[in-house]
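Here is what each chain is made of, one letter per residue.
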Amino acid sequence: MLMDIFQLVEENGSKENKAPIKEFYPLLKELSIITLKKIFFNYHFLTTDHINILASVRSDDENESILILCGSKNSDKSTLVSKFLEREEQQYQICAMEYTFARWNAGNVRTVLCEEKKIGHIYQIEDGLDFINLFKSIRLDNMMNNAAVIVMVNLAEPAEIWTTLEQFLSMTRDHLLKLLMKQNDNVQEMLIRKAAKPYESHPDKRIVKPYPIPLCIIGGNYSDFQNIEPEKKKIICRSLRLIAHLNGATLQFLSFKMDNLIVRGRALFSHFLFKTSLSKSICTDFNKPVYVNPGADSISVIDSNIVRSESTTYETVMKTYGAEFTSIFNKKENTNKIDEQLFAAKEQFKEEAIDSLNFERDQELERYVKRLEKSKL
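Residues numbered from 1 in each chain as written. Predicted model: local features only at pLDDT ≥ 70, side-chain atom pairs only at ≥ 80, totals over all residues. Heavy atoms only, no water.

The name given to the protein in an unreviewed UniProt entry is Cytoplasmic dynein 2 light intermediate chain 1, with Trichinella papuae as the source organism. The Sequence similarities (unreviewed entry) field of the UniProt record for the protein holds the comment "Belongs to the dynein light intermediate chain family." (UniProt positions renumbered as here; feature names shortened; annotations may be inferred.)

Below, the structure is given as C-alpha cells:
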C-alpha cells in the first residue's frame, strides 16, 4: 500500500496548487503519523494543498493517550506525577480522583509543519469503596489502543500488597474486556496481539493471562523496603514478580530518595504516555531495585517449587501463591472502609466552625455515655 501512496504522490505532486486525486484520501487515513512524515520529507515538492491534507487525515487519537494511576494509599502516586511533570509540590493525599495532563513536542528543525504535539491525560484514583466506579467513569471507548495503567503498592507495608493487586485485577479486567469487545475487529486484533506478543514462544504461554492494555506494577517506598528482613524481602520480590509475570505487566521498584530510580520512573511514565523507548535490561536480585519487562521472567525461575503441569492454570497459581503470601504477612481483614479521618486530618480541609461543632458533639456524646454507665450501676 505504501508504494501505491508514493506513486500517487509522484503523479499528483507536480501539479501546482492542486490537491491529490480522490484515491489519495483513504490510503492516507490508513497510515501512521511517522509514515506521513516520510512521505512529506521524501516528496518535498508537495503543494500547500497536499500538506493540508496530510494534516487533516491525522487522527487525533494518535496524538492523545491515557494513563490511569491507582493503587494503595501512601504509595507516592501524587509524587510520581509531580516528578514526571517536574513540579515542586509537597506530597499530598488525593481525595477520590484527580486529573492532570502532560504535553510533549517532537519538533524537527527542517520545518514547523513537522512538529508533532502529543497530549497525555493522567488520572489518579485513590483506593476505596468507589474505586471501580471512578475507574469506569474514564472514557476509554475510543482510546484503548493508547491507554495504559500503573498500579502502585507500598513495599514498606507488605500486608497490603497481594490484596491490593488481586482486587485491582479482578475489578478492572472484566470492565476492560467488555470495552475491548465493543471495539472494531482491527483494534481488537491489534490489542490482543500486542498483549500476547512477549509470550509467543514463552514456556508459560498457556498459563499467563495478559492484561487487556499495557500494565505496570510499581513498588513504591523502596528505601524503607530495604530495612525489611532479607527473607521477607525475598518473598515480596518473588510474589510481585509472579503476579506481574502472570498478568503480562512491567514490574519496577521506585524510591524518590534515589536519583537513578527517579529517572527510571520518569522514563516509564514517558513510555506509557508518549511511546518513548524503554530499557530492556532486567534485575531480579531482591537486594536491588527489581525491574522486569513483560515476558522476561519465568515461573520456574521465580519459584522452582511451583509445579507446571497440564492442571496448572493462572487461577490455581494466583490462588495458591496468594494464600501463602497473606498467611506469611498476617494480612488484616480488608473491610474496604474509607478512612473517615482522612479529611479531618488534612490541614486544607479544616473549618473552625465545623470542627468546633464536631468537638462539642463528641464531648456531649462522651458525657451521655458516662451517665448511661452510672445509671446501670
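### Describing helix α5 (residues 77–84)
The element α5 is largely enclosed, with a buried count of 7 among its 8 residues. All of the buried residues along α5 are Lys77, Ser78, Thr79, Leu80, Val81, Ser82 and Phe84. (Buried < 20%, exposed > 50% of the residue type's maximum accessible area, 1.4 Å probe, protein only. Helix = DSSP H or I, 4+ residues; strand = E, 2+ residues; numbered from the N terminus.)

### Some thoughts on helix α11 (residues 259–274)
Over its 16 residues, α11 runs 22 Å from end to end, which matches the ideal 22 Å to within 8%, given 1.5 Å per residue. Those residues of α11 that fall on the buried side of the exposure criterion are Leu261, Ile262, Gly265, Leu268, Phe269, Ser270, Phe272, Leu273 and Phe274. With its phi angle positive at about 60°, lysine 275 sits one or two positions after the end of α11. (Expected span 1.5 Å × (residues − 1).)

### Some points on the confidence of the model for the protein
Mean pLDDT over the protein stands at 75; residues scoring 70 or higher make up 70%. Helix α14 (residues 342–345) is the least confidently modelled element of the protein, averaging 47 in pLDDT, while strand β6 (residues 250–253) averages 94, the highest of any element. Under a pLDDT of 50 for its full length, residues 13–23 has, in the predicted model, 23 contacts with residues more than four places off or in other chains. With pLDDT under 50 throughout, residues 53–60 is counted as low confidence; its partners more than four residues away or in other chains account for 16 contacts. (pLDDT = per-residue confidence, 0-100. Contact = heavy atoms within 4.5 Å.)

### A short note on unusual backbone geometry
One non-glycine residue, asparagine 221, adopts positive backbone phi at about 60°. Locating asparagine 221 in the fold gives a position in the loop between β5 (215–220) and α9 (222–225). Of note, the phi angle at lysine 275 is positive, near 60°, even though the residue is not glycine. Residue placement: lysine 275 occurs in the loop between α11 and β7 (291–292). Residue classification places lysine 275 among the partly exposed residues on the basis of a relative accessible area of 43%.

### Points about a nonpolar patch on the surface
A cluster of nonpolar side chains, contributed by Leu365, Tyr368, Val369 and Leu372, occupies part of the molecular surface with about 360 Å² of accessible area. Relative to the helices and strands, tyrosine 368 is located in helix α15 (residues 352–376). (Patch = residues over 30% accessible without salt bridge, like charges linked within 9 Å, V, L, I, M, F, W, Y side chains within 5 Å. Areas by Shrake-Rupley, 256 points an atom, 1.4 Å probe, with all protein chains shown as cover. Salt bridge = Lys/Arg side-chain N within 4 Å of Asp/Glu carboxyl O.)

### Some remarks on the pairing of β6
Residues Thr250 and Gln252 of β6 are buried on one face, and the alternating residues Leu251 and Phe253, pointing to the opposite face, are buried as well. With 2 bridges joining them, β6 and β7 adopt antiparallel strand pairing. Of the residues in β7, the one forming a bridge with glutamine 252 is tyrosine 291. (Pairing = 2+ DSSP bridges.)

### Here's the deal with the packing of helix α7 (residues 161–181) against helix α13 (residues 314–328)
For the pair α7 and α13, interaxial distance at closest approach is 9 Å and the crossing angle is 150°. When the axes of α7 and α13 are compared, the pair comes out roughly antiparallel. Crossing of α7 over α13 shows left-handed handedness. Only Tyr314, Met318, Tyr321, Gly322, Phe325 and Thr326 of α13 make contact with α7, whose side of the interface consists of Ile161, Trp162, Leu169 and Arg173. Counted by class, the contact of α7 with α13 contains 7 nonpolar, 2 polar and 1 charged residues. (Axes fitted to C-alpha atoms, helices over the stretch in contact; angles between N-to-C directions. Parallel < 35°, antiparallel > 145°, perpendicular 65-115°, else oblique. Left-handed = near helix turned anticlockwise from the far one by under 90°. Nonpolar A, V, L, I, M, F, W, Y, C, P; charged D, E, K, R; others polar.)

### Description of the nonpolar core
With 83 residues, the main nonpolar core has Phe135, Phe168, Leu240 and Phe269 as its most contacted residues. Apart from residues no more than four positions distant in its own chain, phenylalanine 269 is found in contact with Leu67, Leu69, Leu80, Val81, Phe84, Ile122 and Ile150. (Core = buried A, V, L, I, M, F, W, Y, C linked by side-chain atoms within 4.5 Å.)

### Regarding the environment of arginine 238
Within the secondary structure, arginine 238 is located in helix α10 (residues 230–246). Taking the C-alpha atoms as reference points, arginine 238 and valine 301, 63 residues apart in sequence, are found 9.6 Å from one another. Discounting residues that sit within four places of it in the chain, arginine 238 has contacts with Ile302, Asp303 and Tyr321.

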